[in-house]
Amino acid sequence: MASLTIRKLDEAIKVYLRLRSAKNGRSVEEEVRVILGEIMQGRPFEFATTPSQRSPSPADELSRAPGRAGALDQARVTLIIGGGIAAYKALDLVRRLKERNTRVRCVLTRAAQQFVTPLSASALAHERVYTDLFDPESEFDAGHIRLARDCDLIVVAPATADLMAKMANGHADDLASAILLATNRPILLAPAMNPLMWNNAATRRNVAQLQRDGTVMIGPNAGEMAEAGEAGVGRMAEPLEIAAAAERLLRPPRPRPLKGKRVLITAGPTHEPIDPVRYIANRSSGKQGFAIAAAAQAAGADVTLVSGPVDLDDPPDVTVKHVESARDMLRQVEAALPADIAIFAAAVADWRVATEGEQKLKKTAAGMPPLQLVENPDILATISKLKDQRPPLVIGFAAETEHLIDNAKAKFARKGCDWIVANDVSPATGVMGGDRNTVHLLTRDGAEIHVDSWPVMTKEEVATALVARIAETIGKAS
Ligand SMILES: Cc1cc2nc3c(=O)[nH]c(=O)nc-3n(C[C@H](O)[C@H](O)[C@H](O)COP(=O)(O)O)c2cc1C
């Protein structure tokens, strides 16, 4: 039998396997075994690596990590329905969760089936329902483990006194308790029982233990019981309350570390007119600057993006000023001050023609028109050296085709900015116009310059990492 050394696999395959195994809570070797097993059973296998269909980036994985479904992603909930009177309300909960773009897989305990039928649950969930730990149809590949882990959250509603006692003590003698013991996903419990059961010393001990173990509880509420004449604390929280609590665990509010900060960003190339129809330009696509603007906006900043001519949609909720030339760009940058952070990612043309032709230049017998070049304003240096309105953090980009770090260090000294993001834009890298970037972040500590080299990332990932670094620095300073 041949053996396989994961270390020797292609990098893209390793990244895919690492992400998939982490997501499923398995070792990489186990994941390979599962994939091979699935292929043997004839299940379709898709290995997406191209940029458009690529394997999930660390940022995607973060948003799909347990309990972190992205805002628009379909979240996955395993709903365990326990055997209490409130089980009928769990059917409404299925609907409430589905309204929130959530896939719901129901597990009914044996007692739950005395109160609601698997048929009702499956009709509402549009999925088959699971009831039996020893079900040959779903257990041929340890289905209870899949129910425990192929989800973003487990909800138990109603959580009976019995189920909580089993959980607190690590029992696993039926499907529901085995799932609860085998999961590494967050668990939300909606207890429901008679007030005397809720107040019983054993239940109190179990509840305290479960809270120490990290389960989250919603309810129980006070009110009338199903039993005639009884009232007190023990009613299951309403389905809408449970769905809202699930939503908070599935899609927690994003941290907004740049809230209240004004961020100014430049992006794209500039076009320097030669005559009414011709111009000097460069190959910058603007993708990196646009990604930074979107990441800063997502971090809560008030963002102004000054962009040269690009073929990109304006990022949502960002003030975008469209410009052509370096001089227009400087004017708009100055108009956007004051700012707390300025990031100059645009590839501004260094030169323009001294005298722009008023009409289209013509071929003449006198030969080629003399195109004399003059220097454009240096936006980064101008803003870095401002006396009054200099933003507290000024970040320049250094696009170089050779001697990257040395040239970036020299630029640092000349421009007077605080950080430089250096990237190699030689044609072989495909950075200009491409979707990926390899950057080095140069920062200063007194006279010393630190160079932090980041791995190859998508431009969105570079943007997220840069914004995180800015947030960390600003957080330390304030
Ligand atoms: C009519 C009736 C209503 C019940 N209601 C509840 C209840 O609201 N909460 C609870 O914890 N147990 C209740 N029980 C007891 C549970 O059904 C019993 O403890 C069962 O073993 C729970 O099984 P399970 O936890 O596997 O679902 C009720 C029993 C009956 C017969």
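See the structure shown above.
Below, the structure is looked at part by part. (Residues numbered from 1 in each chain as written. Predicted model: local features only at pLDDT ≥ 70, side-chain atom pairs only at ≥ 80, totals over all residues.)

Broken down by element type, the protein chain carries 17 helices and 21 strands. Across the protein chain, the fraction of contacts at a sequence separation of at least 24, relative to all contacts at a separation of at least 6, is 67%. (Helix = DSSP H or I, 4+ residues; strand = E, 2+ residues; numbered from the N terminus. Contact = placed C-beta atoms within 7 Å.)

Now for unusual backbone geometry. At the junction of G219 and P220, the peptide bond is cis and its omega measures out at 0° in the coordinates. Note that P220 resides in the loop between β5 (216-217) and β6 (221-224). Here L337 and P338 are connected by a cis peptide whose omega angle stands at 5°. Along the polypeptide, P338 turns up in the loop between α14 (326-336) and β13 (341-344). For N101, which is not glycine, the phi torsion reads 55° and is therefore positive. Relative to the elements of secondary structure, N101 occurs in the loop between α4 (87-99) and β2 (102-108). Here D317, not a glycine, exhibits a phi torsion of approximately 60°, which is positive. For D317, a count of 11 C-beta atoms within 10 Å corresponds to the exposed category. (Buried ≥ 20, exposed ≤ 12 C-beta atoms within 10 Å, placed from the backbone.)

This part covers the site of the ligand. Inspection of the region around the ligand gives 16 residues, with G83, G84, T109, A111 and T160 positioned closest. At three residues, helix α8 (residues 161-169) tops the list of elements feeding residues into the shell around the ligand. (Near = placed C-beta within 6 Å.)

Taken in spatial order, the five strands of this open sheet run β2-β1-β3-β4-β5, and their pairing is parallel. Taken across any chain shown, the strands that pair with only one partner, and hence form the sheet edges, are β2 and β5. Bridge count between strand β1 (residues 75-81) and strand β3 (residues 153-159): four bridges; the pairing is parallel. Paired with I80 across the bridge in β3 is V156. Taken strand by strand, helix α5 (residues 118-125) contacts β1 and β2, and its axis lies near 170° from that of β2. (Pairing = 2+ DSSP bridges. Axes fitted to C-alpha atoms, helices over the stretch in contact; angles between N-to-C directions.)

Time to look at the sheet that holds β13. Read across the open sheet, the eight strands follow the order β12-β11-β8-β13-β16-β17-β19-β20; overall the sheet is mixed. The open sheet has two edge strands with one neighbour each: β12 (319-322) and β20 (448-453). Averaged over neighbouring strand pairs, the angle between their axes works out to 15° when direction is ignored. Pairing geometry for strand β8 (residues 262-267) and strand β11 (residues 302-307), over six bridges, is parallel. When the sheet's bridge partners are listed, R262 is paired in β11 with D302. Across the face of the sheet, α14 comes into contact with β8, β11 and β12 while running at roughly 165° to β11. Sheet strands in contact with helix α16 (residues 404-415) are β16 (393-400), β17 (419-424), β19 (439-445) and β20, and its direction is about 140° off that of β16.

Time to look at the environment of V156. When you line up the elements, V156 lands in strand β3. Residue class for V156 comes out buried when judged on the 28 C-beta atoms lying within 10 Å of it. Taking the C-alpha atoms as reference points, V156 and L189, 33 residues apart in sequence, are found 4.9 Å from one another. Ignoring anything within four residues of it in the chain, the contact list for V156 reads I80, G82, L163, I187, L189 and A190.

It is worth spelling out helix α13 (residues 287-298) at this point. For an α-helix, the turn length of 3.6 residues means that residues three or four places apart are oriented alike. Compared with an ideal rise of 1.5 Å per residue, which puts twelve residues at 16 Å, α13 spans 16 Å between its outermost C-alpha atoms and is within 8% of the ideal. A large share of α13 lies buried, amounting to eleven of its twelve residues. If you check which residues of α13 are buried, you get K287, Q288, G289, F290, A291, I292, A293, A294, A295, A296 and Q297. Immediately beyond the C-terminal end of α13, within one or two residues, lies G300, with a positive phi of roughly 100°. (Expected span 1.5 Å × (residues − 1).)

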